[in-house]
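Close look at the chain arrangement
As a plain string of letters, each chain reads:
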Amino acid sequence: MSTLSHLSRLEAESIHILREVVAECERPVMLYSIGKDSSVMLHLALKAFHPGRPPFPLLHVDTTWKFRQMIEFRDQTARRLGMDLIVHVNPDGIAMGINPFVHGSALHTDIMKTQGLRQALDQYGFDAAFGGARRDEEKSRAKERVFSIRSAQHRWDPKRQRPELWRLYNTRKAKGESLRVFPLSNWTELDIWQYIHQEDIPIVPLYFAAERPVVERDGALLMVDDARMPLAPGEQPQLRKVRFRTLGCYPLTGAIESNAESLPAILQEMLLARTSERHGRVIDHDAAASMEKKKQEGYF
Amino acid sequence: MNAEPSARAADVNAWLQAQSRKDLLRFITCGSVDDGKSTLIGRLLYESRLLPEDQLAALESDSRRLGTQGEELDFALLVDGLAAEREQGITIDVAYRFFTTERRKYIVADTPGHEQYTRNMVTGASTADLAVILVDARKGVLTQTRRHSYLVSLLGIRRIVLAVNKMDLVDYAAPVFEQVERVYREFAARIALTDIVAIPLSALRGENVTKPGERMSWYRGPTLMQHLESVPVQDEAAAQPFRMPVQWVNRPNQDFRGFAGLIVGGSVRPGDYLRVLPSGVTSRVARIVTAEGDLPQAVAGQSINLTFEDEIDVSRGDLLAAAASPAGVSDKFEATIVWMSDEPMLPGRPYLLKCGARTVAAAVAQLKHKINVNTLEELAARQLELNEIGLVNLNLDQPLAFDPYAHNRDTGGFILIDRINNNTVGAGMLQAALRPAENVQWQALDVGRANRSVQKNQKACVLWFTGLSGAGKSTIANLVEKKLFGMGRHTYLLDGDNIRHGLNRDLGFTDADRVENIRRVGEVARLMTDAGLIVLVSFISPFRSERRLARSLLGAGEFFEIFVDTPLAVAEARDPKGLYRKARAGRIRNFTGIDSPYEPPENPEIRIDTSRVSAEQAAEQVIAQLRIAGVIDRDWVFIP
């Protein structure tokens, strides 16, 4: 009797979670953030409902500040897979002219992502939303449930979170309440990359190193993705070979200098980076890490 | 064991190859903060050298700022977030940590907390293959050590690591370790824990965690990590008979109907015979369908689709089981319950029970006793409070396919859900069915006449037509049956003459044989009402006592005595079968009305005066009476 590999087990568990939601919830949706975790989650959904299509739409809460390549990849992916894609932009945020350069990342994230997400969920009456968050992302996420119940106001009440035993998930909820469901809870970042490699899952090209116009601010490399980026007097975008470890709004996402143009190269770089970092190298992508954190606090 | 990813990085593809062969071990750590649990987990995370970069950097700065270990890294900071959580009033919970080595990926259920220890430990233990029980070498086996071990045993974890920590504080003395181990083994045997590996270690100094303890050369066993790396994983479910709860019926188009689920026991191949439970229907597996194509075999832990050779009725909540060793089915169980809600568990209160993909209504019929988790004493109790454990009898409103928890955690473990606030209020382990008929198909047990009647949208009953030969019983009964059939009802007509050609061929017309004739027909009619049918009996049945006997076999309101009242002269004049003539000629003996009496019913449910109504009108009269009696609904329209 052969033992299943850890990736096979993780895959089966995620598929189980995806199916459980479709079997027990009325109107699920998959939050599609275009990043590598979303790519893996979508790939798992394709497997879970084979030979049919996943019986739910994709929802992208667009802040209008995403990298252009992300938007291209999003539309191309939905077309290629024949998935329904709902793109929601918070009209209030547009009216207010929310701009991360002017208003800062906290307000931008709250209005464009958190408020935008709530609007979209309410507007379409979704009662369950898949998210690609992982428990290993941060210390505080380690105890997050796979099925997280939210009030009709989308609030997370720690006292109402339910114990999760075995493979039994309690999906019951009162009218107006909804679930956030995290099929990738038990995946680590390394698992994600290994799986992308094993399954040959398409990801946004920004993850791979290329010459890109960047400016350096507070130790972070920001890519000048369009003309909305205000440049300080004398500040000149330079072409540098960079890639991104996480993807979000381009003004809030730091790049790292890299030569990794392929998946094996990325993995090699990650592994090498680890050993040297233990000897005290300065971390050069704080912006990216804190972006992830904001996503969890606000977005989820 | 040391994972040295950097050494492999030069050949990433080879490294990836190795990674793809890794398996998964889930374990739980039990012990209080004082036992050095956080330090131990932190060290495992750190020494596996695959911490995310930002966490490593945070650890280094936090250690300088907040650490208790001077210039050293304080590994406890990697996992401690508890103080902050307490301040914020957040429930202390199970946290899941991840690390990986060359051989394995590990998921650690870290269950801190004192107040909620039972709820948290049970949750963490439910998915663990192994438990690491920490003991402070200075303190030895404590009450809480026993409590943790009992809960681990209760949740079915068989592999135990007794980690005797803080050996550095007892001068690495072998006798201290040996004493702790001896005391623990004595206790563990009482709760059926026998697979125990005891390891002396110092999490703080990193001795016998991943590297052998230099000052414990007297210890010949494995380091903690060596043991975790070598312990066999996940073979228990695979060794069980095939089980798969049907999660979802996959029907993307008319050409495909698959049953989706995660295999929780054994393995399956195309051609295998599976039984659908609780219905008991058996069929052969046609295909194992996955996105990777059809599989020749699938094993426990995989999520798949199955298709069958036959068109059978399968829906979410059914359990697919190996036909050769199917799961049991019952609606009454003995179970151990762990209560997880502030509101106490009260016998008789209805909850929802979810087991596999099936959710049914359930109530505790009896709380036999609760268990003191510190002393293992059994105590009488009227209710279970938060974190209490009890042995109960459970009643379900529907049958459930199950295995005893000791055989299969997924088909024996369940949660209880509050029907009002939807919270998960308890978890439990099915021990045994309280009905003796485990492994007998469900139909034989408990699908009763009521269920069958409801399924047929009617009330099962007997319409007993009595009257003289030639009175018109069969004619009217035939018309009634046709009408009922036309309305989509399920009927059967037992005709005296037909029965005498078969079942009662051995009976004549003596009084004794007449009684036996009616007894048999009455029994057959009763069986047919058990099957949910409306049974029409057309029998002369001349004696009141016989008809009373038939009536006594059925429940109140299920027996309609229909007296087809035709005067003897009229019947004899009709004489459709020429029987009266033969009787008058003495060629038939004991003929009712001629040389044998007919005792007319005194209080029939329906009396039909055939001298005043036609057969058609008589049949309409019967139908109308059945509507009034609620045997058939008034407004039901049958559309063929």
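Residues numbered from 1 in each chain as written. Chains lettered and ligands numbered in written order. Predicted model: local features only at pLDDT ≥ 70, side-chain atom pairs only at ≥ 80, totals over all residues.

1. Some thoughts on the overall build of chain B
For the record, the criterion: Note on conventions: DSSP H or I runs of at least 4 residues are helices, E runs of at least 2 residues are strands, and numbering of each starts at the N terminus. A residue is called partly exposed when the number of other C-beta atoms within 10 Å of its own lies between 12 and 20, exposed at 12 or fewer, and buried at 20 or more, with C-beta atoms placed from the backbone. The contact criterion used is a C-beta to C-beta distance within 7 Å, with each C-beta placed from the backbone.
When helices and strands are tallied, chain B shows 21 helices and 28 strands. Relative to its 640 residues, chain B shows a buried fraction of 47%. Considering only residue pairs separated by 6 or more positions, chain B has 72% of its internal contacts joining residues 24 or more positions apart.

2. Focus: the overall build of chain A
A count of helical and extended segments in chain A gives 8 helices and 10 strands. Relative to its full complement of 300 residues, chain A shows a buried share of 52%. Contacts in chain A between residues at least 24 apart in sequence constitute 77% of all its contacts with a sequence separation of at least 6.

3. What to know about helix α2 (residues 36–48) of chain A
Residues and elements named next belong to chain A. Under the convention used in this document: Take the residue count of a helix, subtract one, and multiply by 1.5 Å to get its expected span.
Look at α2: 18 Å from first C-alpha to last across 13 residues, which is about the 18 Å you get at 1.5 Å a residue. Turning to α2, its buried residues are K36, D37, S38, S39, V40, M41, L42, H43, L44, A45 and A48. Buried residues along α2 sit against α1 (6–24), β1 (28–31), β4 (128–130) and α6 (189–199).

4. So, the sheet that holds strand β5 (residues 147–150) of chain A
Residues and elements named next belong to chain A. Rules: Strand pairing is assigned whenever DSSP identifies at least 2 bridges connecting the two strands. With axes taken as lines fitted to C-alpha atoms, and helix axes fitted only over the stretch in contact, angles between N-to-C directions fall between 0 and 180 degrees.
Reading across the sheet, the 6 strands line up as β3-β2-β1-β4-β6-β5 and stay open at both edges, with mixed pairing between neighbours. Either end of the sheet is taken by a strand with one partner, and the two such strands are β3 (85–88) and β5. Across the sheet, the axes of successive neighbouring strands diverge by a mean angle of 30°, strand direction being ignored.

5. Looking at the environment of D122 of chain A
Residue and element names in this part refer to chain A. Structurally, D122 is set in helix α5 (residues 100–124). For D122, a count of 14 C-beta atoms within 10 Å corresponds to the partly exposed category. Taking the C-alpha atoms as reference points, D122 and A152, 30 residues apart in sequence, are found 9.1 Å from one another.

6. What about the domain arrangement of chain A?
All names here are of chain A. Test applied: Domain delimitation in this document rests on an assignment produced automatically or drawn from a domain database. Charged means Asp, Glu, Lys or Arg here, nonpolar means Ala, Val, Leu, Ile, Met, Phe, Trp, Tyr, Cys or Pro, and polar covers whatever is left, Gly included.
Along its sequence, chain A is organised into domain 1 (6–200) and domain 2 (205–297). On the domain 2 side, the residues contacting the 21 residues of domain 1 number 19 residues. Mapped onto the side of domain 1 that touches domain 2, the elements with two or more residues apiece are α3 (68–81), α5 and α6. Among the elements that make up the side of domain 1 that touches domain 2, the one with the highest residue count is α5 (4 residues). Its residues assigned to classes, the side of domain 1 that touches domain 2 comprises 9 nonpolar, 6 polar and 6 charged.

7. Side note on the confidence of the model for chain B
Residues and elements named next belong to chain B. Which entries qualify depends on this criterion: Scored from 0 to 100, pLDDT records how confident the predictor is in each individual residue.
Taken as a whole, chain B shows an average pLDDT of 85; of its residues, 87% reach a score of 70 or greater. Taken as a whole, residues 1–9 scores under 50 in pLDDT and shows 24 contacts with residues more than four places along the chain or in a different chain. Across residues 436–445, where pLDDT falls below 50, the model places 15 contacts with residues more than four positions away in sequence or in other chains. The ipTM value of the predicted complex is 0.89, and its pTM value is 0.74.

8. Considerations on the sheet that holds strand β5 (residues 159–165) of chain B
Residues and elements named next belong to chain B. In spatial order, the strands read β2-β3-β1-β4-β5-β6; together these 6 strands make up an open sheet with mixed pairing. Looking at the sheet topology across the chains shown, the edges are occupied by β2 (95–100) and β6 (195–200). Taking each pair of neighbouring strands and ignoring which way they run, the sheet shows an average axis angle of 25°. Relative to strand β3 (residues 104–110), strand β1 (residues 23–30) runs parallel, the two sharing 7 bridges. Counterpart to L24 in the pairing with β3 is K105. The sheet strands contacting helix α9 (residues 174–190) are β4 (130–136), β5 and β6, and the helix crosses β5 at an angle near 150°.

9. Some points on the nonpolar core
We count it as follows: As used here, a nonpolar core is made of buried Ala, Val, Leu, Ile, Met, Phe, Trp, Tyr and Cys residues. They are joined through C-beta atoms within 7 Å.
Judged by nonpolar contacts, the single largest core of 199 residues is most densely connected at M30 and V181 of chain A together with A125, A131, I133, A163 and V164 of chain B. With 7 residues, α1 of chain A is the largest single contributor of residues to this core. W464, A525, F560 and I562 of chain B belong to the second-largest nonpolar core, a separate cluster that totals 40 residues.

10. Focus: the environment of I71 of chain A
Residue and element names in this part refer to chain A. Tracing the chain through its elements places I71 in helix α3. For I71, a count of 16 C-beta atoms within 10 Å corresponds to the partly exposed category. Separated by 95 residues in the primary sequence, I71 and W166 have C-alpha atoms spaced 39 Å apart.

11. Focus on the pairing of strand β6 (residues 178–181) of chain A
Residues and elements named next belong to chain A. Neither face of β6 is left uncovered, since the one carrying S178 and R180 and the one carrying L179 and V181 both have all their residues buried. Pairing analysis gives 3 bridges linking β4 to β6, with the strands arranged parallel. Of the residues in β6, the one forming a bridge with F130 is V181.

12. Side note on unusual backbone geometry
P51 of chain A follows H50 of chain A through a cis peptide bond whose omega is 5°. Its location among the elements puts P51 of chain A in the loop between α2 and β2 (58–61). The omega torsion across L277 of chain B and P278 of chain B is 10°, close enough to zero to call that bond cis. Note that P278 of chain B resides in the loop between β11 (273–277) and β12 (282–290). Its identity as a non-glycine residue notwithstanding, N208 of chain B has a phi of 60°, on the positive side.

13. Side note on helix α3 (residues 37–47) of chain B
α3 of chain B sits mainly inside the fold: 11 of its 11 residues count as buried. Regarding α3 of chain B, the residues found buried are K37, S38, T39, L40, I41, G42, R43, L44, L45, Y46 and E47 of chain B.

14. Some thoughts on the pairing of β6 of chain B
Residue and element names in this part refer to chain B. Formally: The definition of a right-handed crossover adopted here requires that, viewed with the strands pointing away, the path from the first strand over the helix to the second runs clockwise.
In this structure, β5 lies alongside β6, joined through 6 bridges in parallel fashion. Along β6, the bridge assignment pairs I160 with I196. In this region the chain leaves β5, passes through α9 and returns to the parallel neighbour β6; the handedness of that crossover is right-handed.

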